[in-house]
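Take a look at the letters that make up each chain.
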Amino acid sequence: MGPLEYLKNRLDPEQFEKIKAIDNPELHEFLAKYIDLLNPAKVFVCTDSKEDEEYVRRKAIEYGEEKPLAMDGHTVHYDGYYDQARDKARTKILVPKGVEIPFVNTMDREEGLKEIHEIMRDIAKGKELFVCFFVLGPKNSIFTIPAVQLTDSAYVAHSEFILYRKGYEEFKRLGREAKFLKFVHSAGELDERKTSKNIDKRRIYIDLEGETVYSANTQYGGNTIGLKKLAFRLTIRRAVQEGWLSEHMFLMRVNGPNGRKTYFTGAYPSMCGKTSTAMISWENIVGDDLTFIVDMKGEARGANVEKGVFGIIQGVNQEDDPIIWEVLHSPNEIIFSNVLVKDGKPYWNDMGIPIPEEGENHSGKWWKGKKDAEGNEIPPSHKNARFTVSLEAFPNADLEALEAPCGVRIGGMIFGGRDADTWPPVREAFDWAHGVVTMGAALESETTAATLGKEGVRAFNPMAILDFLSVHIGDYLRNYLEFEKKLRIKPKIFAVNYFLRDKDGNWLNHKLDKAVWLKWMELRVHGDVDAIETPVGYIPKYEDLKRLFKEVLNKDYRREDYEKQFTIRVPEFLAKIERIEKIYRDVGNIPEELFKVLEKERERLLKAKEKYGDYISPFQLEKS
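Conventions adopted
Residues numbered from 1 in each chain as written. Predicted model: local features only at pLDDT ≥ 70, side-chain atom pairs only at ≥ 80, totals over all residues. Heavy atoms only, no water. Helix = DSSP H or I, 4+ residues; strand = E, 2+ residues; numbered from the N terminus. Buried < 20%, exposed > 50% of the residue type's maximum accessible area, 1.4 Å probe, protein only. Contact = heavy atoms within 4.5 Å. Areas by Shrake-Rupley, 256 points an atom, 1.4 Å probe, with all protein chains shown as cover. 1 Å grid on protein atoms, 1.4 Å probe; cavity = no way out; pocket = protein on both sides within 12 Å on 5 of 7 lines; lining within 4 Å. Points joined across faces, edges and corners; volume = space filled by probe spheres on them. Nonpolar A, V, L, I, M, F, W, Y, C, P; charged D, E, K, R; others polar. Phe/Tyr/Trp six-rings, centres within 6.5 Å; stacked < 30°, edge-to-face > 60°. Lys NZ or Arg CZ within 6 Å of the ring centre and 35° of its normal. Pairing = 2+ DSSP bridges. Axes fitted to C-alpha atoms, helices over the stretch in contact; angles between N-to-C directions. Parallel < 35°, antiparallel > 145°, perpendicular 65-115°, else oblique. Left-handed = near helix turned anticlockwise from the far one by under 90°.

**Student:** A description of the overall build of the protein should follow, citing residues and the corresponding values.
**Tutor:** A count of helical and extended segments in the protein gives 21 helices and 33 strands. For the protein, the spread of C-alpha atoms along the principal axes amounts to about 80 × 55 × 50 Å. Counting over 624 residues, the protein shows a buried share of 62%. When contacts within the protein are restricted to residue pairs at least 6 apart in sequence, long-range pairs at least 24 apart make up 74% of them. Accessible area for the protein stands at about 25000 Å²; split by element, carbon and sulfur atoms hold 48% of it.

**Student:** Explain the layout of surface pockets to me, using residue names and the numbers behind them.
**Tutor:** Computed from the structure, the second largest pocket encloses a volume of approximately 410 Å³. Along its surface, the second largest pocket is lined by 20 residues, and Phe161, Ile162, Lys307, Ser390 and Glu392 are the ones closest to its centre. Elements that contribute at least two residues to the lining of the second largest pocket include exactly helix H4 (50-62), helix H6 (154-163), strand E8 (165-166), strand E24 (386-390) and helix H12 (399-403). Looking at the lining of the second largest pocket, its residues break down into nine nonpolar, two polar and nine charged.

**Student:** Any chance you could break down empty space enclosed by the protein for me, citing the residues and the numbers?
**Tutor:** Unoccupied space between atoms shows up once a probe the size of one water molecule is rolled over them. All chains considered together, the criterion is met by four cavities of 30 Å³ or more. Volume-wise, the largest cavity comes out at about 70 Å³. Of all the elements in the fold, those that place two or more residues in the lining of the largest cavity are helix H19 (570-587) and helix H20 (592-612). Here the element with the most residues in the lining of the largest cavity is H19; it accounts for four residues. Approximately 40 Å³ is the volume attributed to the second largest cavity. Lining the second largest cavity are Arg86, Lys88, Thr91, Ile204, Gly222, Asn223, Leu230 and Arg233. Elements supplying a minimum of two residues to the lining of the second largest cavity: helix H8 (221-224) and helix H9 (226-242). Class assignment of the residues belonging to the lining of the second largest cavity gives a composition of two nonpolar, three polar and three charged.

**Student:** Can you lay out the packing of aromatic side chains for me, pointing to particular residues and giving the numbers?
**Tutor:** Evaluation of the coordinates by the stated rule reveals 34 aromatic pairs. Members of the aromatic cluster, connected to one another through ring pairs, are Trp517, Tyr542, Phe549, Tyr557, Tyr562, Phe566 and Phe619. The ring of phenylalanine 44 has lysine 18 sitting right over it, with the charged end atom 4.3 Å from the ring centre. The side chain of arginine 501 reaches across the aromatic face of tryptophan 507, ending 3.7 Å from its centre.

**Student:** I'd like a description of the sheet that holds strand E19 (residues 334-337), backed by residues and values.
**Tutor:** If you trace the five strands from one edge of the open sheet to the other, you get E2-E3-E19-E24-E18, paired in mixed fashion. Looking along the sheet, the strands with just one partner apiece sit at the ends: strand E2 (67-68) and strand E18 (308-312). Across four bridges, E19 lies against E24 in antiparallel orientation. Bridged to serine 337 within E24 is arginine 386.

**Student:** Go over the packing of helix H1 (residues 3-10) against helix H3 (residues 25-38) with me, naming the residues and quoting the values.
**Tutor:** Between H1 and H3, the shortest axis-to-axis distance is 8 Å and the interhelical angle comes to 50°. One way to sum up the angle between H1 and H3 is to call them oblique. Taken as a pair, H1 and H3 cross one another with a handedness that is left-handed. Seen from H1, the contacting residues are Pro3, Leu4, Tyr6, Leu7 and Arg10; seen from H3, they are His28, Glu29, Leu31, Ala32, Ile35 and Asp36. Partitioning the contact of H1 with H3 into residue classes produces seven nonpolar, one polar and three charged.

Below is the structure:
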């Protein structure tokens, strides 16, 4: 029996007609194979219609995966107590024998496929399976990548409707031309709270050759929303093979003088200020997480892969995050996950207002002081609690740029690290290779007490992408360096660090200063201000920053603050070069250009040290 015939026998006539309308034998074969394997009680095929989306929303509540909250459009979803984050240990990239990818959890492809197919046999028995079609990137554009998701979780399907552009009509339009990504998910058997029961059999396997992701016995979005970080692994590989960039970057518009619009991308490891930069209220957000960058007639053009935000809610407060706060307190369509709920209202840790002392959360009925089975006190909401909302809800979203078929021209790329003693708050690379190597490939983030217990440990995280690499890092960096050769107009590359401290451990920056660094970068893209040349790139002049602080934040900016922030710390920079060089030497198969660029930086630093000593004031360099 052929795939189409099997589907005709298995599906209700109405659902079968939706599939038959797409002329793609590969799709039919994929659907037949996995519907047979998962063995659901019924199958619902989602088209792009409002009715089908509404059906999924309704089912999320009917099946108990979401509960309505007091405000219109708001629902809450709970993941199992031990299913609250990406399962890094059980997320594996399936590779053929003999293939090695450093820094990445890999597994033999044949072994992995055999195991996951056994785990998923009959896993959806008695449940409804949703077949959903989406696209990554704007529709009908150079960025478009079609994707099909199979899931027995209405919550997962609902999340994807909020986060991604619908793709059923795109599949129909492309027919046999659709080079699509595939996602197969089942939450598995559910307990009485409607959360995944068999966590020991939780698996997230990414098959690069088949461009297919399998996810079983888990509901947490990072493990199950196929088009997010799971698809990211597949698109990084595709980008490297095809010569474009798939990046862990926000995309935003910085508004320059006289109505000028300049677009920036930014890669920052977690806890380094990525979201707060992208959300500055007087600038405009295009995307907060993932960006495709392609060469179009010699220009680097960028587009947001998604159309929504799956954001961490902990710490979101009215003062620091006015826009997100407003969005979360308006009647938008929002799924809150793993927060505290009391009288139909959501509450989360560090939200800046009093939190009730009892209610319901990811542990069930909750009260202050409640402990889990291991004796740990349970906080009101999980530290990884999330909100899922469309970018359309944001008053400062640049919706025109979001859906532009040719994307937007990228003026600047920012790499943001976190260190107390090395990088100044902002600097500009001398050229593309200098920026890619000494800013992107050398990115590090100091751990914080909130994340890993031990503070101040430097975690190497090139381009903030290490967790998601699906290719050898050498091939990834080679592609980055080669990409420049296609460009007539090259984005300027910048590095930022919002976490510099003095020798007594005091912060040298205020939280909002980043708004000034952005305005300076925008002016530099257009050559509107001069800069001071240092051994590690160009830094701002005091007079320019003084003016910008007044204009942007209405603050006086003192010479002594500038001097402390922009002193070039030679010993620390040299130590960093040593660390980064050693990491790449140990890995092997790294482009030689990387070592040459690092060596040149070392030589410049040593020369400057001879002339000025270990710590060089920006005023000394300005005079020279």
